[in-house]
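Notes for the structure review
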Amino acid sequence: MTDTARHRLRHALVRANRQIRHGRELLPESTNLLVRSYPTWVGETMRPVKMYQIWFRTRGCTFDRAGQCSMCNYGVGPEIDPDVIADAVAARLALIPKRSFVYLSPSGSFFDDREVPPVLRERLLASLAERAPEHFAFETRPETCAPEMLGQVRRALPETELICQIGVESWDEQIRTLCHLKPTPQESLHRALAELGRHDYRTIANLTLGGLGLSHREAYRDALSGVAGSRAAGFTTQMVFPLSAKAGTLLGWVHAQGMWEPPSLWMLIRLLVEDARRNGGPDDRFDLHISWFNPSIGDVVQARPGCCDICRPLVVEALATIQSTPDRRVLDDLLRYDRCACPQLAEQKLAHDDGRTYLDRLTEVMERWEASRPGELHLLPS
Ligand code: SF4
Ligand SMILES: [Zn+2]
């Protein structure tokens, strides 16, 4: 495919994504924050810790408004009053034990002034400083990792281990741009990594399993090489997210059209096994994090990473164990499992392809979308 054809394809998919996201309901003004806690591990010793994640309401991700990314619906809201949100987060933070692991999450990028106004960020950091967290994590686009932002957080939390999570999605720039619709160039990832390193941040590369247009075989290979590529580039940690079909996204629409299926959880297990084989430590530990493998089906998540009802409880429990303790023996137990056909079905999908590539499938998606919306193609400005 020529560069021009690829450009046209991406443009059409972004426009479709923007039209689809237009139908989303705004987050209610009554919900200022949500708190969850997750088990995870930290540091060279892989010490298990509990992470408190506080999501706070914003107007939504700026990049999402622009039709990026094909799989994401992290919510979109009305304009916020920064003081209302800052007060709500401060009150909730006050209930979290000092020296904890805190994750503060807007609906996109912590360093994006259009989403998190500077006055709000300043107040959030002041409230955080009062809790003196041992670890503070947040997510932001690499394009927003400016030295002054990184310095501001470092000055507010001088004793805290700072962890910046970056949505790499794929280490293949073309897959990132065309399948995920995220136009972050490789250079931007390298620049952000260098800047984060200079300010003594740890980094997490978020990588997806199962992007729009990818066959399961392509998706598996892409995730495996994404883990290897981001590790080699210097990200401290790799975290794999098997994708779900979410309402209000192009990926969700494509799933409803029968053109995309979430990956099998057995693919995720196979990925963990393969990476542990390549990079496992001498003590049965391995160093690959996983997330969002078992979201609840609801208004947003319409289909999630799969397996049958027979193996699901066991698989989910094992993956949850791995989330808090990366023990290779849990994976070995899973490899011996044979009470249903799911592991073999996943293997078969990984072994065969249909002779097409993701470019063929994305073109089909574009054609299906355009055929479904005659006369509506130019409703939104390009
Ligand atoms: S993946 Fe990140 S950048 Fe993309 S729309 Fe979602 S929150 Fe925004
Ligand atoms: Zn099964």
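Overview of the structure. (Residues numbered from 1 in each chain as written. Chains lettered and ligands numbered in written order. Predicted model: local features only at pLDDT ≥ 70, side-chain atom pairs only at ≥ 80, totals over all residues.)

One can describe the packing of helix 3 (residues 82–93) onto helix 4 (residues 118–131) by two numbers: an axis separation of 9 Å at closest approach and a directional angle of 10°. When the axes of helix 3 and helix 4 are compared, the pair comes out roughly parallel. Regarding helix 3 and helix 4, the two cross each other, and that crossing is right-handed. On the side of helix 3, the interface is formed by Pro 82, Ile 85, Ala 86, Val 89, Ala 90 and Leu 93, while helix 4 contributes Val 119, Leu 120, Arg 123, Leu 124, Ser 127, Leu 128 and Arg 131. Counted by class, the contact of helix 3 with helix 4 contains 10 nonpolar, one polar and two charged residues. (Axes fitted to C-alpha atoms, helices over the stretch in contact; angles between N-to-C directions. Helix = DSSP H or I, 4+ residues; strand = E, 2+ residues; numbered from the N terminus. Parallel < 35°, antiparallel > 145°, perpendicular 65-115°, else oblique. Left-handed = near helix turned anticlockwise from the far one by under 90°. Contact = placed C-beta atoms within 7 Å. Nonpolar A, V, L, I, M, F, W, Y, C, P; charged D, E, K, R; others polar.)

It is worth spelling out the site of ligand 1 at this point. In the region of ligand 1, the neighbouring residues are Cys 61, Phe 63, Asp 64, Gln 68, Cys 69, Cys 72, Tyr 74, Gly 108, Arg 141, Gly 167 and Lys 182. Its residues assigned to classes, the shell around ligand 1 shows five nonpolar, three polar and three charged. (Near = placed C-beta within 6 Å.)

Moving on, we come to unusual backbone geometry. The residue after Gln 68, namely Cys 69, is reached through a cis peptide bond having omega 5°. Note that Cys 69 resides in the loop between helix 2 (62–65) and helix 3. Of note, Leu 181 is a non-glycine position whose phi angle comes to about 65°, a positive value. What makes Leu 181 buried here is the crowd of 28 C-beta atoms within 10 Å. Positive phi outside glycine occurs at Trp 292, with the angle close to 50°. Here Trp 292 shows up in the loop between strand 9 (289–290) and strand 10 (301–303). Judged by the 16 C-beta atoms lying within 10 Å of it, Trp 292 falls in the partly exposed class. (Buried ≥ 20, exposed ≤ 12 C-beta atoms within 10 Å, placed from the backbone.)

Let's shift gears to the packing of helix 1 (residues 3–21) against helix 14 (residues 358–372). Between two packed helices, both the angle of their axes relative to each other and the distance between the axes serve to describe the pair. Between helix 1 and helix 14, whose axes approach to 10 Å, the crossing angle comes to 50°. When the axes of helix 1 and helix 14 are compared, the pair comes out oblique. The two elements helix 1 and helix 14 cross, and the hand of that crossing is left-handed. Of helix 14, the residues touching helix 1 (which contributes Leu 9, Ala 12, Leu 13 and Ala 16) are Leu 362, Thr 363, Val 365, Met 366 and Trp 369. Split by residue class, the contact of helix 1 with helix 14 holds eight nonpolar, one polar and no charged.

Summarising the element assignment, Arg 18 is placed in helix 1. Among the residues examined, Arg 18 registers 20 C-beta atoms within 10 Å and is labelled buried. Separated by 163 residues in sequence, Arg 18 and Leu 181 place their C-alpha atoms 11 Å apart.

Treat this as a map of the structure, not an account of what it does.
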